[in-house]
Number of protein chains: 2
Amino acid sequence: MTRWLDDDEQRTWRDFLAATQLVNEALDRQLQREAGMPHTYYMILVALSEAPERSMRMSELAARAQSSQSRLSHAVARLEERGWVRRRPCDSDRRGSFAALTDEGFAALAAAAPGHVEEVRRSLFDVLTPEQLGQLAEICAAVRNTLEP
Amino acid sequence: MTRWLDDDEQRTWRDFLAATQLVNEALDRQLQREAGMPHTYYMILVALSEAPERSMRMSELAARAQSSQSRLSHAVARLEERGWVRRRPCDSDRRGSFAALTDEGFAALAAAAPGHVEEVRRSLFDVLTPEQLGQLAEICAAVRNTLEP
DNA sequence: GCTAAGTATATGAGAGTTCAACTAAAATGG
DNA sequence: CCATTTTAGTTGAACTCTCATATACTTAGC
């Protein structure tokens, strides 16, 4: 009944798990060490920094930062404590709220970005040939398009 | 100074993050829902099940299950509470200890495996062409060989 | 309009992870 | 040998994540 993985598939799967975990751990450690934040927080700041007025509705932000709403809510609470983000109510829909990046938050992001990009290159881009990078792009796009709601 | 990512690289990077996260979340949800354990626990059980006598030193187990020692220690404590794993001291090195999969643990693993493999296929293997799968295998192996200690 | 259903967000508890510190036992090396 | 350093493993605290639930508002249906 079950279509088990053959040896090749097993190896691919385990390499996939190992590789993606290694990349994610490298990212998280670098950001935690040099910027005092986890990667998920960094993604939230990035998303906000790219929005008009550096401000966005919470649900929109959750989507862009690839976060669940609950996770985002907790995270923004912490970011607010640090003064990096501020929440404001939404006028047109009184259930909603906006999260806005503060100047301090933008500064923290700007300070973190170079080290982060370095790490991204070190742990992924520099490891692959240009051809492999192209292949990876297509593979990830395919997965994303299939799995994303 | 900083070599920022160009637009193509940005897109690749974000697709990579999204895709790997989607796969990991799918795995974790499936296992949590149908087997009551996170994927990290599953990996521990798998590693043990493949060892001689279904038993292994903690450090070896940490390496095989891609876990930090601390994480493993906590996890095995929980697995012990469930009766899925048992710890025994090591004779030849009295600092060390073995973790052994119990029959109940093996049964839990056997019960979880089919649904898990299904999910692996659904969220990754079935999405890709055979060619892409080969490419992914090489990419992941390259990353692993570079980043792994 | 008024009720029912749906949406946007928050919140609390429980569980897992990390990091730094700690214990204990081996290996190293004068 | 004895002192130092390394290794194996555990532990507790702080933090993040998930899941279920709660709240407040909005939209639909009648």
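Preceding block: the structure.
In this text, all values refer to a predicted model and were calculated from it rather than measured experimentally.

K.L.:
Sorry, what's going on with the side chain of Glu9(B) here?
P.N.:
Among the structural elements, Glu9(B) can be located in helix 1 (residues 7-35). What makes Glu9(B) buried here is its relative accessible area of 17%. Those residues in contact with Glu9(B) that sit more than four places away from it in its chain are Arg121(A), Phe125(A) and Trp4(B).

K.L.:
I tried to follow the packing of aromatic side chains on my own but got confused; where do I start?
P.N.:
For any pair of aromatic rings, the description rests on two quantities: the centre-to-centre distance and the angle between the ring planes. Summed over all chains, the structure comprises four aromatic pairs over all chains. A ring pair is formed by Phe125(A) and Trp13(B), whose centres lie 6.4 Å apart and whose planes are at 50 degrees; its orientation type is tilted. In this pair, Phe125(A) is assigned in the loop between helix 5 (103-123) and helix 6 (130-147) and Trp13(B) in helix 1, connecting two distinct chains. Accessibility expressed as a relative area gives 5% for Trp13(B), which makes it buried.

K.L.:
Explain the nonpolar core here, please?
P.N.:
A general trend in soluble globular proteins is that nonpolar side chains are found buried together. Within the largest apolar cluster, 65 residues are counted, with the highest numbers of intra-cluster contacts made by Trp13(A), Trp13(B) and Val85(B). In this view, Trp13(B) contacts Val23(A), Leu27(A), His116(A), Val120(A), Leu124(A), Phe125(A) and Leu5(B); residues no more than four positions away in its chain are not counted.

Analysis parameters
- Residues numbered from 1 in each chain as written.
- Chains lettered and ligands numbered in written order.
- Predicted model: local features only at pLDDT ≥ 70, side-chain atom pairs only at ≥ 80, totals over all residues.
- Heavy atoms only, no water.
- Helix = DSSP H or I, 4+ residues; strand = E, 2+ residues; numbered from the N terminus.
- Buried < 20%, exposed > 50% of the residue type's maximum accessible area, 1.4 Å probe, protein only.
- Contact = heavy atoms within 4.5 Å.
- Phe/Tyr/Trp six-rings, centres within 6.5 Å; stacked < 30°, edge-to-face > 60°.
- Core = buried A, V, L, I, M, F, W, Y, C linked by side-chain atoms within 4.5 Å.

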